[in-house]
Amino acid sequence: MYPRSFKDSNGDGIGDIPGIISKLDYLKELGVDVIWLSPVYQSPNDDNGYDISDYRGIMDDFGTMADWEKLLAEVHGRGMKLIMDLVVNHSSDEHAWFLESRSSKENPYRDYYIWRPSRDGQEPNNWTSIFSGPAWEYDGQTGEYYLHLFSRKQPDLNWENPKVREEIYDMMTWWLDKGIDGFRMDVINMISKTEGLPSAGGDRYAWGGDYFMNGPRVHEFLREMNEKVLSRYDIMTVGETPGVTPDDAARYANADGTELNMVFQFEHMELDSGWGGKWDPCGWKLKDLKATIGRWQTGLHGRAWNSLYLNNHDQPRMVSRFGNDREYRVESAKMLATFLHTLEGTPYIYQGEELGMTNVPFKGIEDCRDVETLNMYRERVTEGGGNHDEVMNAIRIKGRDNARTPMQWSTEANAGFTTGTPWLHVNPNYTEINAEAALADTDSIFHYYRKLIALRKTHPVIVYGSYEIVSEEDERIYAYTRTLGNDRLFVMLNFTGETVSFASPYPLLAGGGGELLIANYPVGEGSETSGLDAELQLRPFEARVYLLKAV
Ligand code: NOJ
């Protein structure tokens, strides 16, 4: 959940905690077990709360600590759990530690952050920031630079300093003692930087990820955190880890439980990035998606646990990216939901996904609020003289604000999100796509999600079964099985807007072996097959899931 965009209760145009509380019954009805709350801590909001100025205080825009305590009690009262976002690779530059740190080289907090002198009048190394520009900011007060892998208002904490680690563990313990159920850990695989902070390649500025992703001490730090904090509570942890392979993930989320429970990997989020990276969008290919998902499904089976997602607050809307957000919006949103819920791992649903919310037709850069997007636009267009239309096109496809427009609750003004002026425009399609309409329509995407969630709770094979690809080479149909003991699940997904014939390797007629668990079209007599390799006609974005007779 991205609280800024979820539900506003006081008309200031910004989502808040009382707003969330007012919608908990909706989440319960959907079947949610655990809520991951994006940051609600005190923050000057350079990156919407991912720049924290007080880890133990609630952001004024969102309410008070009393509101938050009520939220936790209301979540627990409904039998759900709450995990908080832990953002400790960096803090805000307005955090008291950083204010002290920057005040003088002798200050006891100096070493809480990563300060370096200039290198021949230039930045200490050539790393670029993930949010454009150099990863270093010069601070005139002491004549040195500080490292910020993200915006200049997000200085990196120095995890080499044991005092920093102790402060963080104390803070985590403080929240756990308040009764939270775990943490989602922001870019947690970036906390250990290679000693000496070497430059990357020979360019004036270059991507330095090799020197800060999965760095030399990251597993040591996480094992320490686990020993001192996590292992003392019955909680859930998920680490955000860009740039991990299944082998890396198997260490972070090892079955021994010495680090984290699971990680968010990014390989499938990079399939539509061209040579120029995220902002150079290209088409993605089903064969690549199969190869990536297959590698993760088989690579972690029995070794570690997968987290499953197709979008979140940092990614474009999944139906626009992997489906069809026009004539087959409903069918493709259901097909993708079927995919998400029939893999091994824990599915994460991002707010509005269950309604089939889509990307946004931003008119221009003035419609955008995201620091990553705005910095990139400034660097490429305003300062770099690049082509406005091309960059806006990339933003409409990849920009994070696509996911951050307010939740569409109803056909009321501003989609029922606020009675005031929303901090980011509502997607104009709210009159058609909204929760009120979805709840009223038994055939809606929302109710399809409910069924999928319920199925996972009924059939252990959906949660734990081992994955095997059926149609590796097919460029239109993604089919796979999941097997657990005598149970076998067979999933067929048409990833195109056309009817495609597909030879089922299993007999699917009810009497002949298959039980249809869920489908996004009516499946009637004659559309199933009793023979092996008989041709099925799968309609545009059709999804079917069968439970096969004992194997
Ligand atoms: C990942 C978060 O999900 C994203 O929203 C944020 O901008 C960066 N980490 C930096 O904290």
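The rules we used
- Residues numbered from 1 in each chain as written.
- Predicted model: local features only at pLDDT ≥ 70, side-chain atom pairs only at ≥ 80, totals over all residues.
- Heavy atoms only, no water.
- UniProt positions renumbered as here; feature names shortened; annotations may be inferred.
- Axes fitted to C-alpha atoms, helices over the stretch in contact; angles between N-to-C directions.
- Helix = DSSP H or I, 4+ residues; strand = E, 2+ residues; numbered from the N terminus.
- Parallel < 35°, antiparallel > 145°, perpendicular 65-115°, else oblique.
- Left-handed = near helix turned anticlockwise from the far one by under 90°.
- Contact = heavy atoms within 4.5 Å.
- Nonpolar A, V, L, I, M, F, W, Y, C, P; charged D, E, K, R; others polar.
- Pairing = 2+ DSSP bridges.
- Near = heavy atom within 4 Å.
- Polar contact = N/O pair within 3.5 Å; in protein donor to acceptor, adjacent residues only side chain to side chain.
- Areas by Shrake-Rupley, 256 points an atom, 1.4 Å probe, with all protein chains shown as cover.
- Buried < 20%, exposed > 50% of the residue type's maximum accessible area, 1.4 Å probe, protein only.
- Expected span 1.5 Å × (residues − 1).
- Phe/Tyr/Trp six-rings, centres within 6.5 Å; stacked < 30°, edge-to-face > 60°.
- Lys NZ or Arg CZ within 6 Å of the ring centre and 35° of its normal.

Identification of the protein chain as oligo-1,6-glucosidase from Paenibacillus chitinolyticus is taken from an unreviewed UniProt entry. Its UniProt record gives the protein chain the following Catalytic activity (unreviewed entry) comment, quoted word for word: "Hydrolysis of (1->6)-alpha-D-glucosidic linkages in some oligosaccharides produced from starch and glycogen by alpha-amylase, and in isomaltose." Quoted verbatim from the Sequence similarities (unreviewed entry) field of UniProt, the annotation for the protein chain is "Belongs to the glycosyl hydrolase 13 family."

### Some details on the packing of helix α10 (residues 329-341) against helix α15 (residues 445-458)
In the contact formed by α10 and α15, the axes pass within 10 Å of each other and the chain directions differ by 15°. As judged from the angle between their axes, α10 and α15 are roughly parallel. As α10 runs across α15, the sense of the crossing is right-handed. The residues of α15 that touch α10, namely those facing Arg329, Val330, Ala333, Lys334, Ala337, Thr338 and His341, are Ile445, Tyr448, Tyr449, Leu452, Ile453 and Arg456. Across the contact of α10 with α15, the residue classes tally to 8 nonpolar, 2 polar and 3 charged.

### Observations regarding the sheet that holds strand β17 (residues 487-494)
Adjacent strands of a sheet pair through backbone hydrogen bonds, lying either parallel or antiparallel. Reading across the sheet, the 5 strands line up as β15-β16-β17-β21-β19 and stay open at both edges, with antiparallel pairing between neighbours. In the strand order of this sheet, the two ends are held by β15 (466-469) and β19 (514-519), each with one partner. Sheet twist, expressed as the average angle between the axes of neighbouring strands with direction ignored, equals 25°. Most of the contacts of helix α8 (residues 286-300) go to strand β16 (residues 477-484), to which it runs at about 15°, and overall it touches β15 and β16. With respect to the sheet, α15 is in contact with β19 and β21 (543-548), its orientation differing from that of β19 by roughly 135°.

### Section: the site of the ligand
Near the ligand you find 13 residues, and of these Asp47, Asp186, His313, Asp314 and Arg400 are the closest. Contact between the ligand and Asp47: an oxygen atom at 2.5 Å from a side-chain N or O atom of the residue. Asp186 places a polar side-chain atom, nitrogen or oxygen, 2.7 Å from an oxygen atom of the ligand. Protein coverage of the free-state accessible area of the ligand, which is 300 Å², stands at 97%. Split by residue class, the shell around the ligand holds 3 nonpolar, 3 polar and 7 charged.

### Description of the UniProt feature "domain: Glycosyl hydrolase family 13 catalytic" (unreviewed entry) in the protein chain
What UniProt calls "domain: Glycosyl hydrolase family 13 catalytic" (unreviewed entry) maps, in this numbering, to residues 1-404. With 32% helix and 13% strand, residues 1-404 has its two end C-alpha atoms placed 10 Å apart.

### Observations concerning the pairing of strand β18 (residues 500-503)
Here β18 shows a clear split, with Val500 and Phe502 buried on one side and none of Ser501 and Ala503 buried on the other. The pairing of β18 with strand β20 (residues 535-538) spans 4 bridges and is antiparallel. Paired with Ala503 across the strands is Glu535, a residue of β20.

### Some words on α10
The end-to-end C-alpha separation of α10 is 18 Å, in line with the 18 Å expected for 13 residues at 1.5 Å each. Counting buried residues in α10 gives 11 out of 13 residues, a clear majority hidden from the surface. Taken together, the buried positions of α10 are occupied by Arg329, Ser332, Ala333, Lys334, Met335, Leu336, Ala337, Thr338, Phe339, Leu340 and His341.

### With respect to the packing of aromatic side chains
Enumeration over the complete set of coordinates arrives at 36 aromatic pairs. Consider the rings of Trp174 and Trp175, whose centres lie 5.1 Å apart with planes at 90°: the pair is edge-to-face. Linked through ring pairs, Trp284, Phe322, Phe339, Tyr467, Tyr478, Tyr480 and Phe495 together constitute an aromatic cluster. Stacked on the ring of Trp409, the Lys or Arg Lys23 has its end atom at 4.2 Å from the ring centre. Over the face of the ring belonging to Trp115 we find Arg110, whose NZ or CZ atom lies 3.8 Å from the ring centre.

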